[in-house]
Amino acid sequence: MKTDPKGVLTGSHELSGNHACAEGAFAAGCRFLGCYPIVPALEISQRFLERAPAVGATFIQMEDEVSVLAAVLGASWTGKRSMTVTSGPGLSLMMEHLGLGVMLETPCVIVDVQMVGPGLGIPTRPSQGDMMQSRWGSHGDYEIVALAPSSPQEMFDFMIKAFNFSERYRIPVAVMSDEYVAHLVERVVIPPADAIELVPRRYYKGRKDNYLPFKRDKDFVPPMVDIGKGYRFHVTGLTHDNRGYPIMFEECQEYNVHPLVRKIRHFADEIVEVQESNLDDAEVILVSYGATSRAARKAMEEARKSGIKVGSLKLVTVWPFPEKRVAELAKRVKAFVVPEMNFGQIVLEVERCSYGAANVFFIPHGEKGVEYTEDIQAVIKRAVQEKNIKDGVIECVSKGV
Amino acid sequence: MNSLISALHKGIDKSGIDRTKISVPSDIPFVPGVIKELGVDYFQTPRGRAIAFGTGLKLGNPGLKVIPVVGDLMTLGGNHFVHGGRRNMELLVLCVNNFIYKKIGGKPTPSMPAAFSPYSTFEEPFNFPHLGNSCGAVYTARWTALHTEELAQSISEALHKRGLSMIEVLAPGPDYYRDINDIESDILQFYYENAVVKNNEDPRNVAITPDEKIMVGKFTDKERPTFIDSYNVQHSKILKDKFTPHGTVSQEQKASGDKNV
């Protein structure tokens, strides 16, 4: 399906990450924004609101983030591609409806511009502290797709990817931006509308009285209908059968919830995307995502100049995690070095997936900004010299490297 | 619940609105068969969030009639209700008030008047119609589960109101909790003996207290621009003809027809 040209601002523009996000959403056919103002995600909603009347999109500023995501889920059931933008504290409030979105299998996109936490943190500084929350924050078992952009251009591209994933798998998709990418201004090239390919929503095509809202097709994804078209459906956030009726037995839990997990795990190979460079001869691999991948790329280039064989694995989809690829690489490299703007989140996944075959070094990076790479350089040197494989994550604080 | 459902049936019939255009987000689990019989689209949301969910439904498809049925209105749903009223979102909020949290062992809710709990609750209960009225709801009413006909009439009237309407339905809690909460007589009997119909009473005076009669009736019926009205007026004023008012069907949409069929 081609996108609606009304929302596509074709051309080359100087855009901040936040503005590129709004443009990406329009290009992806998003026509509903629920928002509650929060720094540093503010500019996304501002841009969206400014352009919405021309594009034919609707928006509402709700009373809190809890109701924001509820409204977004509601709007999505009317057939509109819907999204919300927020930051850490807002994401915490959204967890209730993230779980509901997973259970009702409602496509929507949540953009989280991460700031320093916990609590009120620093709203004007970047962080990658919500990565685990996006995956595990709501109660119960679920799988989610999370993308981590590292530039305004990627912000634009990943919004389209995110909407496509959400429609394809009927799940809420998280775009995990951060304050650095949000306010970074770079050139963004927006392609013509006919070059943007969208995944259409899977609609039920059978008879109206036969519609079962959660009868899965062969991909474990149930086809959807819009509300108000006479299908008279019943959907519930309780554990339900394929009619959408609540049935609260363990068997039904297996029947209902297992496919929610399987529809992502089974197709993980199709979803997972990484960007690799210099991996062929690498002894040490930098694993990074989002804004830190800019520092990692710079560190890799500098290390290569001084003759150290360093490669880079940049995660486009952080969730589902590229387990197979990391396990494969672990068998042939000395170490992984993981810089993150937090105190150790995705590094735990890297360690889990390396199965003790390689050392895993962690750098709580970002204290001095993304441009600063001395700490990464130092850890790369240490990783190359390390003879034995040590247990667990080796945490390297900047001073005592 | 039975009388609410039969009143919903009658009310929708009376209003003459196409049932396929009605959707019911609710935090109360209905028996699925009942919903099927009712012939509407139904969503069960987390506690108290039905109004927020309904706001999304209404904005996404302004042609819908949305009836959030809320049990947890004044606790988890409080802020959603207050702001729904303020922005006058076109919803018909049915608040089912049985004074207790039925599912979790009969704990008192903020709507419980002082005498209805084992050692007497000591907090002041909410006066729903007064709150609704002061938040800007265009229609407020209260009926007990015994007033099925009046409730149905209210529902059919409220479905044609433009803006947030609120009908409080005083429902009976199950007998088991009657003992816990020290209600001496059968609560339906209590309603029967104590409910007094007082239409157009000032909502400030209709609080439910243990000593006084329960006032039921239609309390508010006024007109205010809805959220979508104000949205369209404001944008048309600034953007002139660049803006297509929300909720109108464009030629393209008409041409493409119903994509579901």
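Comments concerning the overall build of chain A
- Assigned secondary structure in chain A consists of 13 helices and 17 strands.
- Over its C-alpha atoms chain A spans a radius of gyration of 21 Å, differing by no more than 12% from the 21 Å that the globule rule assigns to 401 residues.
- With the C-alpha coordinates of chain A rotated into their principal frame, the extents come out at 70 × 50 × 40 Å.
- Among the 401 residues that make up chain A, the fraction classed as buried is 55%.

With respect to the overall build of chain B
- The helix and strand tally for chain B stands at 10 helices and 11 strands.
- Looking at chain B residue by residue over its 261 residues, the buried ones come to 47%.
- Looking at chain B alone, contacts between residues at least 24 apart form 65% of all its contacts between residues at least 6 apart.

Examining the interface of chain B and chain A
- Of the residues lining the interface, 39 residues belong to chain B; the matching set on chain A comes to 39 residues.
- The greatest single-element share of the side of chain B that touches chain A, amounting to eight residues, is contributed by helix 3 (residues 50-60) of chain B.

Overview of the environment of A:Phe267
Residue and element names in this part refer to chain A.
- Positionally, Phe-267 belongs in the loop between helix 8 (250-265) and helix 9 (268-271).
- Residue classification places Phe-267 among the partly exposed positions, given that 17 C-beta atoms sit within 10 Å.
- Each C-alpha atom, one on Phe-267 and one on Gly-79, is 25 Å from the other, the two residues being 188 residues apart in sequence.

Side note on unusual backbone geometry
Residues and elements named next belong to chain A.
- Going from Val-39 to Pro-40, the amide bond is cis rather than trans, its omega being 5°.
- Omega for the bond connecting Trp-319 with Pro-320 falls within 30 degrees of zero, at -10°, which places this linkage in the cis form.
- Turning to its location among the elements, Pro-320 is positioned in the loop between strand 14 (317-319) and helix 11 (323-330).
- Although it is not a glycine, Phe-220 adopts a positive phi angle of roughly 65°.

Regarding the pairing of strand 9 (residues 165-170) of chain B
Residue and element names in this part refer to chain B.
- Of all six residues making up strand 9, six are buried, and the element is well covered by its neighbours.
- Side chains Ser-165, Ile-167 and Val-169 project from strand 9 onto one buried face, and the interleaved Met-166, Glu-168 and Leu-170 project onto a second face that is buried too.
- Sheet topology places strand 5 (residues 92-97) next to strand 9; six bridges connect them, and they run parallel. Looking at strand 9, one finds that Leu-94 is bridged to Ile-167.
- Looking at chain direction, strand 8 (residues 139-144) and strand 9 are connected through six bridges and run parallel. The residue bridging Ala-141 from the neighbouring strand is Ile-167, located in strand 9.

Brief notes about the domain arrangement of chain A
All names here are of chain A.
- What the domain assignment reports for chain A is domain 1 (5-195) and domain 2 (275-395).
- Here the C-alpha centroids of domain 1 and domain 2 sit 28 Å apart.
- On the side of domain 2, 19 residues touch domain 1, which itself brings 20 residues to the contact.
- If you list the elements that add at least two residues to the side of domain 1 that touches domain 2, you get helix 5 (131-136), strand 7 (145-147), strand 8 (172-178) and helix 7 (179-183).
- Counting residues per element, the side of domain 1 that touches domain 2 draws most heavily on helix 5, at four residues.
- In terms of residue class, the side of domain 1 that touches domain 2 is built from 12 nonpolar, five polar and three charged.

What to know about the sheet that holds strand 11 (residues 274-277) of chain A
Residue and element names in this part refer to chain A.
- As summarised here, the arrangement of the six strands in space is 11-13-12-15-16-17, forming an open sheet in which the pairing is mixed. What marks the edges here is a single partner per strand, and that holds for strand 11 and strand 17 (393-395). Strand-to-strand, the axes of this sheet are offset by a mean angle of 25°, without reference to chain direction.
- Two elements, strand 16 (residues 359-364) and strand 17, share three bridges in a ladder whose sense is parallel.

Re helix 6 (residues 152-169) of chain A
All names here are of chain A.
- The first and last C-alpha atoms of helix 6 sit 25 Å apart over 18 residues, in line with the 26 Å expected at 1.5 Å per residue.
- By the criterion of burial, helix 6 is predominantly enclosed, with 17 of the 18 residues buried.
- Positive backbone phi, approximately 50°, marks Arg-170, located one or two places after helix 6.

With respect to the pairing of strand 15 (residues 335-340) of chain A
Residue and element names in this part refer to chain A.
- Along strand 15, six of the six residues are buried, which leaves the element largely enclosed by surrounding structure.
- Across the two faces of strand 15 the burial is the same, with Ala-335, Val-337 and Pro-339 and Phe-336, Val-338 and Glu-340 all buried.
- Note: strand 12 (residues 284-289) against strand 15, three bridges, orientation parallel. Following the sheet pairing, Val-284 is matched in strand 15 by Ala-335.
- Bridge analysis of strand 15 against strand 16 gives six bridges, and the strand direction is parallel. Pairing of Val-338 across the sheet is with Phe-362, part of strand 16.
- Handedness of the β-α-β unit built from strand 15, helix 12 (residues 346-354) and strand 16 comes out right-handed.

A word on the confidence of the model for chain B
- The predicted model of chain B has a mean per-residue pLDDT of 82, with 79% of residues at 70 or higher.
- Long-range and interchain partners of residues 256-261 of chain B, a stretch whose pLDDT sits below 50, account for six contacts in this model, where long-range means more than four residues apart.

Quick notes on the nonpolar core
- If you look at the biggest cluster of nonpolar residues, it comprises 183 residues, and the most contacted ones within it are A:Met159, A:Val337 and B:Val169.
- B:Val169 has contacts with B:Leu4, B:Leu94, B:Cys95, B:Val96, B:Asn97, B:Trp143, B:Ala145 and B:Leu151, leaving out every residue within four places of it along the chain.

Things to note about the domain arrangement of chain B
Residue and element names in this part refer to chain B.
- Taken domain by domain, chain B consists of domain 1 (2-224) and domain 2 (227-261).
- Each partner contributes to the interface: domain 1 provides five residues, whereas domain 2 provides four residues.
- Partitioning the side of domain 1 that touches domain 2 into residue classes produces two nonpolar, one polar and two charged.

Things to note about the environment of A:Asp112
Residues and elements named next belong to chain A.
- In this structure, Asp-112 sits in strand 5 (residues 108-116).
- Taking the number of C-beta atoms within 10 Å as the measure of exposure, Asp-112 has 24 and is therefore buried.
- For the pair formed by Asp-112 and Pro-40, sequence separation is 72 residues and the distance between their alpha carbons is 9.5 Å.
- Excluding residues that lie within four positions of it along the chain, Asp-112 makes contacts with Thr-86, Ser-87, Leu-91, Asp-130, Ser-134, Ala-174, Met-176 and Ser-177.

Focus on the packing of helix 3 (residues 65-77) of chain A against helix 3 of chain B
- Running from amino to carboxyl end, helix 3 of chain A crosses helix 3 of chain B at an angle of 40°, the nearest separation of the two axes being 6 Å. Comparing their axes, helix 3 of chain B and helix 3 of chain A come out oblique. Note on packing geometry: the crossing formed by helix 3 of chain A with helix 3 of chain B is right-handed. Contacts from A:Val66, A:Ser67, A:Ala70, A:Ala71, A:Val72, A:Leu73, A:Gly74, A:Ala75 and A:Trp77 of helix 3 of chain A reach helix 3 of chain B at B:Ala52, B:Phe53, B:Gly54, B:Thr55, B:Gly56, B:Leu57, B:Leu59 and B:Gly60.

The rules we used
- Residues numbered from 1 in each chain as written.
- Chains lettered and ligands numbered in written order.
- Predicted model: local features only at pLDDT ≥ 70, side-chain atom pairs only at ≥ 80, totals over all residues.
- Helix = DSSP H or I, 4+ residues; strand = E, 2+ residues; numbered from the N terminus.
- Rg over C-alpha atoms; globule rule 2.2 N^0.38 Å.
- Buried ≥ 20, exposed ≤ 12 C-beta atoms within 10 Å, placed from the backbone.
- Contact = placed C-beta atoms within 7 Å.
- Pairing = 2+ DSSP bridges.
- Domains from an automatic or database assignment.
- Nonpolar A, V, L, I, M, F, W, Y, C, P; charged D, E, K, R; others polar.
- Axes fitted to C-alpha atoms, helices over the stretch in contact; angles between N-to-C directions.
- Expected span 1.5 Å × (residues − 1).
- Right-handed = clockwise from strand over helix to strand, strands pointing away.
- pLDDT = per-residue confidence, 0-100.
- Core = buried A, V, L, I, M, F, W, Y, C linked by C-beta atoms within 7 Å.
- Parallel < 35°, antiparallel > 145°, perpendicular 65-115°, else oblique.
- Left-handed = near helix turned anticlockwise from the far one by under 90°.

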